[in-house]
Structure formats: structure tokens, C-alpha cells
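Per-entry structural report
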Amino acid sequence: MEIFVATRREDVPTGLIRYASVDGSVPGATVTWDHHVTGHAINLDVIPALIDQRLDGVGTTLADTDALVSVLAVLFGGVSRLPRLAALRSACWSCDHLRPADDVSPEDAAAGEHLHHWVTRELLARGDNGFSALAWELHARLSNGQPLPQAVRPQVSTAGRWTVVAQVALVELRDGERVDPQHVYDRTGCVVVIVTEPHPAGGPRYTIGLAPDEDRDLRPLLDELARLEYAAGAPCLGPEPVPANENWGGRRTVFGSPWNYGSRLEPKRVAEEARRFVADAQMET
């Protein structure tokens, strides 16, 4: 089975006929299991317990721990067949929510958190081209009953230019810089963090997240930014944040700007909308 990362149909490896898409919506997939569309907490929650489809590939739109564990679920033939399921679920929570899962043992929570840090470190070193090899390496470890690989949380925290106003942090990165979102939340106490970096096609690329201890829904902000992106014109195809529209997308706690081009929205405008969202949410409570 071929494992790949693609956000456009032309980036899917040639020769694949029936492939799955996990933790993102790869165009042309035979079946898509994407919790950004369904709203589930982690992507394992939308993958079947048993998978009986004949597939010759599995892809994702972004290589991270949640995507990698989802690929493993496909390789093993369903979530119910995954070894070390509790630890793997908690690794996905550490990836997507910056905290372990609530319903696992302390041992599985620690194993999952350290696995997530290991995957993050390896993906930084290997890039998207190493995603397939990493998946097969973990598949072999799990199949052979070997311990899960472990690493401590990487200390990448001071990059970029930070602006903090009204419980919203805007972190502007230059090419090649990285930042640890948890460090931003810890240091600023902000409700919302916006990370912007250069898109390879030009313009900015955004990732917007909610602080782990906040119980709010970012989707109204996502809807508004998607509407503004569409109003800015092509190549955006529609005002709703759904995969077919080449627009923003994500879920209630984290989302981002379009995959295949730089956003037409300036950082100042995005930050203004985020501050308006936070102010409106405070007035409702």
C-alpha cells in the first residue's frame, strides 16, 4: 500500500486507483475519513473498527501524529486491530489538543505524549517525503510488539515576531522558523493564537488555535475568515470552509488557511477578526 501526502489531485502518486484519505480530504479519494469535516475530537474517532475496502494507497493533507496514527489504523485494517490503541489515541490528543486523552491510564498518556514528540521530531528531520517510511517503521514496531519510540517535548519557542493584543497572540514566522504553540499559550495566557508563515506559492499561510484549557468553538471565526477569503477572489471557489472550495478549513479548536495558495487576507485583518471573536464570546458568557 502506498502512503503519501497531497493536497491536490495532481500530487497523488500515479497509478493509484482506490485510495483512502485520512485526517484531511485528498481530492479523488475512494473513501475519506476526516474529522475536520465531521467535527470529531481526533481522526481515529471517524475510522471504522474494521476496514474491508480494497485499497492501494492511503494519503493525508498534512503529515502529523494524528495523520500518522490514522494511516496505521488503515494499514492494520481498522481501529479495533491497532495494538497499543490507548497510547496511540492519547498521542493523537497530544497532537491536536496539546494534552493527553482523558480516558487513558497515566502510563498510556505518558507513552502517547512522548510518541507524539518523537513523531514531531522525526517529521521535522525527514519532511513529507519521510512520512511513508515513518508509518511503515511504526507499523513494524507495533506488529513485533516493540516499545513505542519516545522523545521529550522539543524546545522551539522563540522564533518569529510576536504581537499580543486583547487575548489574541499573532506570531509571524519567517522562512524555516518554527514555534511551539504550547509555549505561546503558556507565556501569554491568550485565548487564541495565530501563527502565520510564508506559503510556498507566495503570501501568508495561517494556523489558528484555541488554548487547550478553553471550552469554546472557533468555527464562527473560521466561517467569517472563509467568507472574507472568498470575497477576496480567485482561486477560492466558495464561501464555506469545506474541502471542495479551496478555502479555509478545520475544526472547533484549530483551523487554517487554504492549502494550495497563500491567503489573500493580511495578518492585521485576521488578528482583528480573532479579537472580535474573543470579545463577542466574552459578552455571551
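First things first, this report covers the structure right here in the doc.

Rules of the game
Residues numbered from 1 in each chain as written. Predicted model: local features only at pLDDT ≥ 70, side-chain atom pairs only at ≥ 80, totals over all residues. Heavy atoms only, no water. Helix = DSSP H or I, 4+ residues; strand = E, 2+ residues; numbered from the N terminus. Expected span 1.5 Å × (residues − 1). Buried < 20%, exposed > 50% of the residue type's maximum accessible area, 1.4 Å probe, protein only. Polar contact = N/O pair within 3.5 Å; in protein donor to acceptor, adjacent residues only side chain to side chain. Pairing = 2+ DSSP bridges. Axes fitted to C-alpha atoms, helices over the stretch in contact; angles between N-to-C directions. Contact = heavy atoms within 4.5 Å.

**Some points on helix H2 (residues 65–76)**
Compared with the 16 Å implied by 1.5 Å per residue over 12 residues, the 16 Å span of H2 between its first and last C-alpha is a close match. For H2, a buried count of 12 out of 12 residues is recorded, marking the element as mostly surrounded by other parts of the structure. Buried within H2 are the following residues: Thr-65, Asp-66, Ala-67, Leu-68, Val-69, Ser-70, Val-71, Leu-72, Ala-73, Val-74, Leu-75 and Phe-76. Residue Asp-64 occupies the N-cap position of H2, its side-chain oxygen lying 3.3 Å from the main-chain nitrogen of Asp-66. In the stretch just after H2, Gly-77 is the one whose phi turns positive, near 90°.

**Some points on the pairing of strand E2 (residues 19–22)**
In E2, alternate side chains face the same way, and those of Tyr-19 and Ser-21 on one face and Ala-20 and Val-22 on the other are all buried. Bridge count for E2 against strand E3 (residues 31–33) is three bridges, and the pairing is parallel. When the sheet's bridge partners are listed, Ser-21 is paired in E3 with Thr-32.

**Topic: the sheet that holds E3**
As a general point, the strands of a sheet are linked pairwise by backbone hydrogen bonds and lie either parallel or antiparallel. Ordered in space as E1-E4-E2-E3, the four strands form an open sheet in which the pairing is parallel. Only two strands of the sheet have a single neighbouring strand rather than two, namely strand E1 (2–5) and E3. Across the sheet, the mean angle separating the axes of adjacent strands is 20° when strand polarity is ignored. Sheet topology note: the E2/strand E4 (residues 57–60) ladder contains three bridges and is parallel. Directly across from Ala-20, in E4, lies its bridge partner Val-58. Along the sheet, H2 makes contact with E1, E2, E3 and E4, crossing E2 at roughly 145°. Against the sheet, helix H5 (residues 131–143) contacts E1 and E4, and its axis sits at roughly 135° relative to E1.

**Notes on unusual backbone geometry**
With an omega dihedral of 10°, the bond running from Ala-234 to Pro-235 counts as a cis peptide bond. Take Pro-235: it is sitting in the loop between helix H7 (219–231) and strand E9 (249–250). Although it is not a glycine, Asp-23 adopts a positive phi angle of roughly 50°. The backbone of Arg-84 sits at a positive phi, close to 55°, despite the residue not being glycine. One can find Arg-84 in the loop between H2 and helix H3 (85–97).

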